[in-house]
Structure formats: C-alpha cells, structure tokens
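For reference, the chains in residue letters:
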Amino acid sequence: MTVYFIGAGPGDPELLTLKAARIIGECPVCLYAGSLVPEAVVECAPNDARVLDTASMTLDETHAEIFSAHKRGQDVARVHSGDPSLYGAIAEQIRRLKGDGIDYQIVPGVPAYAAAAAALGTELTVPEVAQSIILTRMSMKSTGMPAGETLENFARTGATLAIHLGIRALREIERQLVPHYGEDCPCVVVYRVGWPDQMILRGTLSDIREKVRAAKITRTALIMVGPAFADSCGFPDSALYDAAKPHVLRPKVRPQTA
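Residues numbered from 1 in each chain as written. Predicted model: local features only at pLDDT ≥ 70, side-chain atom pairs only at ≥ 80, totals over all residues. Heavy atoms only, no water.

> I'd like a description of helix α6 (residues 170–181), backed by residues and values.
Burial in α6 covers these residues: L170, I173, E174, Q176, L177, V178 and Y181. One or two steps after α6, the chain reaches G182, where phi turns positive at roughly 90 degrees. (Buried < 20%, exposed > 50% of the residue type's maximum accessible area, 1.4 Å probe, protein only. Helix = DSSP H or I, 4+ residues; strand = E, 2+ residues; numbered from the N terminus.)

> Give a detailed account of the packing of α6 against helix α7 (residues 208–215), specifying residues and quantitative values.
At a closest axis distance of 9 Å, the pairing of α6 and α7 adopts a crossing angle of 170 degrees. If you check the angle between α6 and α7, you find them roughly antiparallel. When the axes of α6 and α7 are compared, the crossing they make is right-handed. Across from L170, R171 and E174 in α6, the residues of α7 making contact are I208, R209, V212 and R213. Residue composition of the contact of α6 with α7, by class: 3 nonpolar, no polar and 4 charged. (Axes fitted to C-alpha atoms, helices over the stretch in contact; angles between N-to-C directions. Parallel < 35°, antiparallel > 145°, perpendicular 65-115°, else oblique. Left-handed = near helix turned anticlockwise from the far one by under 90°. Contact = heavy atoms within 4.5 Å. Nonpolar A, V, L, I, M, F, W, Y, C, P; charged D, E, K, R; others polar.)

> Please give an account of the pattern of salt bridges that cites residues and values.
Two side chains with opposite charge may pair up if their charged atoms get near one another. All told, the structure shown has 8 salt bridges when counted by the stated rule. Of the charged contacts in the structure, one is a salt bridge between E65 and R50, with a shortest N-O distance of 2.9 Å. Here R50 lies in strand β3 (residues 50–53) and E65 lies in helix α2 (residues 59–72), a separation of 15 residues in the sequence. Residue classification places E65 among the buried residues on the basis of a relative accessible area of 16%. Exposure remark for R50: the relative accessible area of 40% places this residue in the partly exposed category. (Salt bridge = Lys/Arg side-chain N within 4 Å of Asp/Glu carboxyl O.)

> So what's going on with the side chain of R192? Which residues, and what values?
Mapped onto the secondary structure, R192 falls in the loop between β8 (186–191) and β9 (199–204). Only 2.9 Å separates the side chain of R192 from the side chain of D197, close enough to count as a polar contact. Leaving out residues up to four positions away in the same chain, R192 has contacts with D197, Q198 and T220. (Polar contact = N/O pair within 3.5 Å; in protein donor to acceptor, adjacent residues only side chain to side chain.)

> So what's going on with the layout of surface pockets? Which residues, and what values?
Considered as a void within the structure, the largest pocket measures approximately 1400 Å³ in volume. The wall of the largest pocket is formed by 45 residues, among which S35, L36, S81, Y87 and L165 lie closest to the centre. Only α2, β4 (76–80), α3 (91–99), α4 (112–120) and β10 (221–225) provide two or more residues apiece to the lining of the largest pocket. Classifying every residue of the lining of the largest pocket by side-chain character gives 20 nonpolar, 17 polar and 8 charged. (1 Å grid on protein atoms, 1.4 Å probe; cavity = no way out; pocket = protein on both sides within 12 Å on 5 of 7 lines; lining within 4 Å. Points joined across faces, edges and corners; volume = space filled by probe spheres on them.)

> I'd love a proper account of the sheet that holds strand β6 (residues 133–137), names of residues and values included.
Pairing is mixed across the open sheet formed by 5 strands, whose spatial order is β6-β7-β10-β8-β9. Taken across any chain shown, the strands that pair with only one partner, and hence form the sheet edges, are β6 and β9. On average, each strand axis in the sheet is tilted by 20 degrees relative to the strand beside it, whichever way the strands run. Alignment of β8 against β9, held across 6 bridges, turns out to be antiparallel. Residue pairing in the sheet places V190 in a bridge with I200 of β9. Packing of α4 onto the sheet brings it into contact with β6, β7 (160–164), β8, β9 and β10, and relative to β10 it is tilted by some 70 degrees. (Pairing = 2+ DSSP bridges.)

Set out below in structure tokens:
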C-alpha cells in the first residue's frame, strides 16, 4: 500500500489537482485535516471509504490508522491544506512511515500565497519592484524558529513577505518591519482564502492591525507585505516580451509598433 500526502490547496475544491482528486477518489482510507480542509474537498472519496477528520487527533492516533490500513493493504489519502511541503507537518509522519517500512508519495497542491495572489489579482514578482518572495511564519505557540530566521533579518532584504501564523502578532510584525519597509508599506491580510467566507483586508503596516481587529480575524489568515502590493503602474515592462530584446525562442529583434 501507499500513503499519499495530498495538497488540497487553500480550501476551494476546484483548486484540487486532477491527480489529487483521482487519488482521493480511489483510496479506501482518507485522513484529512478538517480544521483547514473543508469536507467538500474529500467528497470525492469512495462511498465506502473510511474518512476521518484528524483535527482532534494526535500523531500517534493518525499513524495508528495508517498502520492499520497498511496491514489491510489499503492505500491512504492523507489530505493536508495548501501544499504539504509548506508547514504541512508531514516530516514527522514520514519519519514514522520510514521506520515502519511504509511507502509514501507526495502530491503537491496550490499554496496559500499563490491562491492569495490570485484572489488579489496581482503578480508577486513585479519588474524592478519585487523579484523575491520569502515564506515564513511567526513562532508564537508553535515550535521555535531556527537561529537567524528572524523576521527582522528577512526584512533587511526588502523582499515580499508571506507571513503564516502571525495574525495575533501584528503589533510585533509592525514593530520589526516598519524600520525597514516604512509605515506606509502595503500590507494585505487574506482570511481563509478559497473558502466561501474569504475576506481580504488591504492597508499599510501602520493601519492593518486596526483593520484586522475591526474585522475580528484571529486565525487562518495569511499576511503579505511589500511594495509589490502598491496600486502603481510605474514599473517597467519585463524583458520577456520586449521586441527589442531577443532570446532563444525569439532570436530576431522585431520592429516596435505604435
């Protein structure tokens, strides 16, 4: 049997990949993280499948379910939100699978930051404005951050930041980022992206905290910071489609058109 770690995307069932939907539809056992994955995502599971919400389960309990399926020779769809490689807590699960000699595969999904950019209708890599994206999180009550991976260190780069697990730490985020980005730097909070109750708040580092408080958002939100979110048309076109800049697939310079 095989355990499939499946990225369900941020919440919209239509953002499941074809491969993810096919595997969920074939596995006799489906374990899904119900706090972040809506039931609609796993509705394609077989009618007689064992489908369990793991939100209240421990690592020992989820592994016991997988091990039981292993003894029965049944494949398991282990469904996580977003992309399982990002804050998916799959590393410790994989460690146990390897210890028990259980095969596994990872099926990627749409990460929250990509879904948020789509919801915002924006490109994250704007020419000469922002060309790097840093995915990070606040430690809060979660496991600690490695030495050197501090928000302040990342802020020194001026790159676009996508901050997970930080909605209750906006005051600290503001304190650390304002010296590097400035009070007027655009800041966007996307709550439950891809869910029916999705909410988008736009502001700056100096006022986003009050907007979040007014909206009563306390969890399940992604914070994105950087000049790429400014409503500005002053950036240059990229070289990709520039007629004056040939490349291997367009080797000839083309005349400019009016």
